[in-house]
Amino acid sequence: MKYAIIGWGSLIWDLDDLAPKVAGDWLNSAGPRLPLEFSRISPKRLNSLVVVVDAENGSPCPTHVIASQATTIDQVIMDLAARERTTATGIGAVCLSSGHSQASDPRVADQVAAWCQEAGWTGAAWTDLPINFEKETGTAFALDAAVAYLRTLTGASLAEALRYINSAPAATDTPLRRRLAGDPWWQAASASRS
């Protein structure tokens with residue numbers, strides 16, 4: 001049994017309590033291409049925007065994988081859920097040997113299952129937290145709305161947004177990240193924090 005954990009955001013630079021439960025290093029851009037966008041407001045990240053699987057607003061981006069030391073998909077799910085401070089329902093997972101599949105978007109589960117088959121993994125788990133931008137702001141997610149939201153952040157919240165978005169792997173090349181790369185306000189704020 002060989003299980004992968006798929007990452008694309010803070011998991012890459014901060015395994016946190018997942019560190020003793022994985023083996024080896026991250027395999028950069030070795031995971032499935034998944035639709036990603038910074039469309040979730042995260043209380044854990046001081047209300048910064050964080051990157052999540054988002055089939056509606058995201059762009060297909062390469063993901064990264066690291067091997068889990070767990071011997072069952074259920075344990076992989078629980079290990080990742082503990083790191084993400086969520087329940088098992090906040091984790092997507094597939095297991096080819098048992099047929100287990102859970103994801104907020106079944107198309108993503110199918111994509112990951114096909115990748116597992118091709119790459120030789122028994123199964124995989126990934127963070128599958130919901131997009132909550134509209135729920136939190138009252139406005140549907142769009143690039144203009146996301147930039148406007150980021151401009152409302154101050155102090156530690158703005159610092160965390162800058163750190164999180166700028167620290168995500170370069171392969172996490174989402175529409176919002178491309179927009180921010182050309183935004184003078186974001187560039188000035190980033191320069192003042194470096």
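Here is what the cut-offs are and how they apply
Residues numbered from 1 in each chain as written. Predicted model: local features only at pLDDT ≥ 70, side-chain atom pairs only at ≥ 80, totals over all residues. Heavy atoms only, no water. Helix = DSSP H or I, 4+ residues; strand = E, 2+ residues; numbered from the N terminus. Buried < 20%, exposed > 50% of the residue type's maximum accessible area, 1.4 Å probe, protein only. Contact = heavy atoms within 4.5 Å. Areas by Shrake-Rupley, 256 points an atom, 1.4 Å probe, with all protein chains shown as cover. Lys, Arg positive; Asp, Glu negative; His and termini not counted. Charge placed at Lys NZ, Arg CZ, Asp CG, Glu CD. Pairing = 2+ DSSP bridges. Axes fitted to C-alpha atoms, helices over the stretch in contact; angles between N-to-C directions. Phe/Tyr/Trp six-rings, centres within 6.5 Å; stacked < 30°, edge-to-face > 60°. 1 Å grid on protein atoms, 1.4 Å probe; cavity = no way out; pocket = protein on both sides within 12 Å on 5 of 7 lines; lining within 4 Å. Points joined across faces, edges and corners; volume = space filled by probe spheres on them. Nonpolar A, V, L, I, M, F, W, Y, C, P; charged D, E, K, R; others polar. Salt bridge = Lys/Arg side-chain N within 4 Å of Asp/Glu carboxyl O.

(A) Structural view of the overall build of the protein chain. Looking only at helices and strands, the protein chain features 8 helices and 9 strands. Across the 194 residues of the protein chain, 51% fall into the buried class. For the protein chain, the proportion of contacts with a sequence separation of at least 24, taken over those separated by at least 6, is 71%. Element-wise, carbon and sulfur atoms account for 52% of the exposed surface of the protein chain, whose accessible area totals about 8,700 Å². Positive and negative charge centroids in the protein chain, built from 16 and 20 side chains respectively, lie 5 Å apart.

(B) Summary view of the sheet that holds strand 3 (residues 34-42). Pairing is antiparallel in the open sheet, where 3 strands are placed in the order 4-3-5. Strand pairing shows two members of the sheet lacking a second neighbour, strand 4 (48-53) and strand 5 (59-61), which therefore form its edges. Across the sheet, the mean angle separating the axes of adjacent strands is 55° when strand polarity is ignored.

(C) Seen up close, the sheet that holds strand 8 (residues 101-102). What the 6 strands build is an open sheet, ordered 2-6-1-9-7-8; its pairing is mixed. Each edge of the open sheet carries a strand with a single partner, namely strand 2 (22-27) and strand 8. In the packing of helix 2 (residues 73-84) onto the sheet, contacts are made with strand 1 (3-7), strand 6 (64-68), strand 7 (91-95), strand 8 and strand 9 (123-127), and the angle to strand 7 comes to roughly 165°. The strands touched by helix 3 (residues 106-119) are strand 1, strand 6, strand 7, strand 8 and strand 9; relative to strand 9, the strand with the most contacts, the crossing angle is about 140°.

(D) Seen up close, the packing of aromatic side chains. Throughout the structure, instances matching the rule amount to 6 aromatic pairs. On the basis of an interplanar angle of 85° and a centroid distance of 6.2 Å, the ring pair of F38 and Y164 is categorised as edge-to-face. With a gap of 126 residues between them, F38 in strand 3 and Y164 in helix 6 (residues 155-167) connect regions that are remote in the sequence. Looking at F38, the relative accessible area reads 0%, which means it is buried.

(E) Local environment of the layout of surface pockets. Its boundaries defined by the atoms lining it, the largest pocket holds a volume of some 310 Å³. Lining the largest pocket we find 21 residues, and of these V50, R83, E84, T127 and L129 sit closest to its centre. The set of elements that each furnish at least two residues to the lining of the largest pocket consists of strand 1, helix 1 (10-13), strand 3, strand 4 and helix 2. Per-element accounting of the lining of the largest pocket gives the leading share, 3 residues, to strand 4. Residue classes in the lining of the largest pocket are distributed as 9 nonpolar, 6 polar and 6 charged.

(F) Layout of the pattern of salt bridges. Under the criterion given, the structure shown has 10 salt bridges. In this structure, the salt-bridge partner of K21 is D79, at a minimum N-O distance of 3.9 Å. Here the residue K21 occupies a position in the loop between helix 1 and strand 2, and D79 occupies one in helix 2, the gap between them amounting to 58 residues. Salt bridges sharing partners connect three or more residues here, namely D14, R45, E160 and R163.

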